2 protein chains.
Amino acid sequence: MEYSTSSLINSFQHKEEHTTLFNHQISARIRLATELDVPNLHKLVTQMAEYHGLSQIFTTTETSLYNNLFKSPNPPFHSPTALILEISPNPFPQTNHTTTTNFVPIIKNNYNFDNLEILDHELETYRSKFNGHGHDNSNNCDVYVAGHVLVYPSYNGLFEKPGLFLDQMFVRKCYRGMKFGKLLFSAVAMQAEKMGMGMVDWLVANWNEETINFYEKMGAHYIPDYRLYTLYGDQLQAFGKKSD
Amino acid sequence: MEYSTSSLINSFQHKEEHTTLFNHQISARIRLATELDVPNLHKLVTQMAEYHGLSQIFTTTETSLYNNLFKSPNPPFHSPTALILEISPNPFPQTNHTTTTNFVPIIKNNYNFDNLEILDHELETYRSKFNGHGHDNSNNCDVYVAGHVLVYPSYNGLFEKPGLFLDQMFVRKCYRGMKFGKLLFSAVAMQAEKMGMGMVDWLVANWNEETINFYEKMGAHYIPDYRLYTLYGDQLQAFGKKSD
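Residues numbered from 1 in each chain as written. Chains lettered and ligands numbered in written order. Predicted model: local features only at pLDDT ≥ 70, side-chain atom pairs only at ≥ 80, totals over all residues. Heavy atoms only, no water.

A. Seen up close, the interface of chain A and chain B. With 72 residues of chain A in contact, the opposing surface of chain B contributes 72 residues. Buried area between chain A and chain B, summed over both chains or domains, comes out near 7200 Å², and the portion from carbon and sulfur atoms is 59%. Run the count over chain A and chain B and you get 0 salt bridges. Our count for the chain A to chain B interface comes out at 22 residue pairs in polar contact (both at pLDDT 80 or more). Counted by class, the side of chain A that touches chain B contains 41 nonpolar, 21 polar and 10 charged residues. Bridge count between strand E8 (residues 226-232) of chain A and strand E6 (residues 199-205) of chain B: 7 bridges; the pairing is antiparallel. In the sheet register, Leu 228 of chain A faces E6 of chain B, and the bridge partner there is Leu 203 of chain B. (Contact = heavy atoms within 4.5 Å. Buried area = accessible area lost by both parts, 1.4 Å probe. Salt bridge = Lys/Arg side-chain N within 4 Å of Asp/Glu carboxyl O. Polar contact = N/O pair within 3.5 Å; in protein donor to acceptor, adjacent residues only side chain to side chain. Nonpolar A, V, L, I, M, F, W, Y, C, P; charged D, E, K, R; others polar. Pairing = 2+ DSSP bridges. Helix = DSSP H or I, 4+ residues; strand = E, 2+ residues; numbered from the N terminus.)

What follows is the structure in structure tokens.
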């Protein structure tokens, strides 16, 4: 469960003052990612790849994130979609959404923790660029990105209804153990249910016992008989050239 | 690798004559499924669920297949898409497609087998309903559905490019061992490559050694550290009702 990023160490020196931001209370919001989130999202998926030891195959760029998440003609959740977890020492304003296709932000204000010691060496780096849809939140004080989830619609041919495949879910290390993962997962499951979908499915690293326990408690079904394969790079390109 | 369907046995009685259809040669075609394929496709996904011991959770209906595969505003491969494998004792006519969004049918005429003994007890049931797009193939003699594959677009946040997730690939039992599975898989991989996608990924049953060997030979990467979870039914619905 340890990072090995040098960026964490590099950003350590001058940001100690930010570790006092949270004083027994922290507020959280989950909302749809926007184009403004691309730089922060790119840092998150990069850390996710490092966390899973997949940096060697990682090729995501800010441009590719933008193209894959924000250039589809389909509405959110009908094509690859990212949700962003933000945290703040201040409560988030309640928003009033009436559309059904959009995602209504989930806000949990003022989580209380007796011993809230958060040492976020990347706090400034992860300052949220989101300032609301046309609302004047432009000063946007003290809102920081703490995690994300990536989903896209799936269809397995077994169930009557399609589903959402949850491909990445990540909470930055210093914000773990505060039930933000559960909040992110719930956001996806609630959205699937709201859209009349029949399932949410995802992969979990075998070594990630903590996460596995979390899913088991929730009533998720472990499908033990399957293994994941993927074809990419040269092996995939070879198929473009052959005719048999 | 054994079926346990009573339908196979029920259809056994009166169709012995059809087992002589193939005389050392068999031709194959892979094409996009159309609405006319829904009844055959439903039989195939039902058999797939039986083969994997998943009949108890299987809820797919002809209507749900139609809704999930043919009501999307997106072009094929940009939403759940089925490819159909057809076989015939006669060669398939070559088609001339010039569009890039459509799938160009893959035709392999006159496979030669020294000992071609195919005992297809469901031959008549699986007669193809497809008669070409506006072409006069209306007599459509001796074309039968032998398998299918289901795919949908995926995005994992690791690769620069999106991919195709291959969710089901099935060849009816009496047509196995004739490299039709490889033909179906190649069709998907070629399409992914043609569309500029970065990967194809899929799950394989652990007990399916034959299929695993097939994928390993092809250069597919086994991602050993992951396990599949799915949330559906009551457990998923519970998320629609909760607010935390």
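B. A look at the nonpolar core. Ile 26, Tyr 175, Phe 180, Phe 185 and Trp 202 of chain B are the most contacted members of the largest nonpolar core, which totals 45 residues. For this core, the element with the most residues is helix H4 (residues 180-194) of chain B, which contributes 9 residues. Judged by nonpolar contacts, the second largest core, of 44 residues, contains Leu 83, Leu 123, Val 204 and Met 218 of chain A. (Core = buried A, V, L, I, M, F, W, Y, C linked by side-chain atoms within 4.5 Å. Buried < 20%, exposed > 50% of the residue type's maximum accessible area, 1.4 Å probe, protein only.)

C. Structural view of the environment of Asp 225 of chain B. You can see Asp 225 of chain B is positioned in the loop between strand E7 (221-223) and strand E8 (226-232). Taking relative accessible area as the criterion, Asp 225 of chain B reaches 36% and is therefore assigned partly exposed.

D. The arrangement of the pattern of salt bridges in detail. Residues and elements named next belong to chain A. This model, assessed by the stated rule, comprises 10 salt bridges over all chains. Between Glu 86 and Arg 31 there is a salt bridge; the shortest N-O distance is 2.5 Å. With Glu 86 in strand E2 (residues 81-88) and Arg 31 in strand E1 (residues 25-32), this pair connects stretches of sequence that are 55 residues apart. In this structure Glu 86 comes out as buried when scored by relative accessible area, which is 0%. Note that Arg 172 is salt-bridged to Asp 120, the shortest N-O span being 2.4 Å. Linking Arg 172 in the loop between strand E5 (163-171) and helix H4 (180-194) with Asp 120 in the loop between strand E3 (106-112) and strand E4 (144-154), this pair joins segments that are 52 residues apart in sequence. Residues joined by salt bridges that share partners form a network here, namely Arg 29, Arg 31, Asp 37 and Glu 86.

Treat this as a map of the structure, not an account of what it does.
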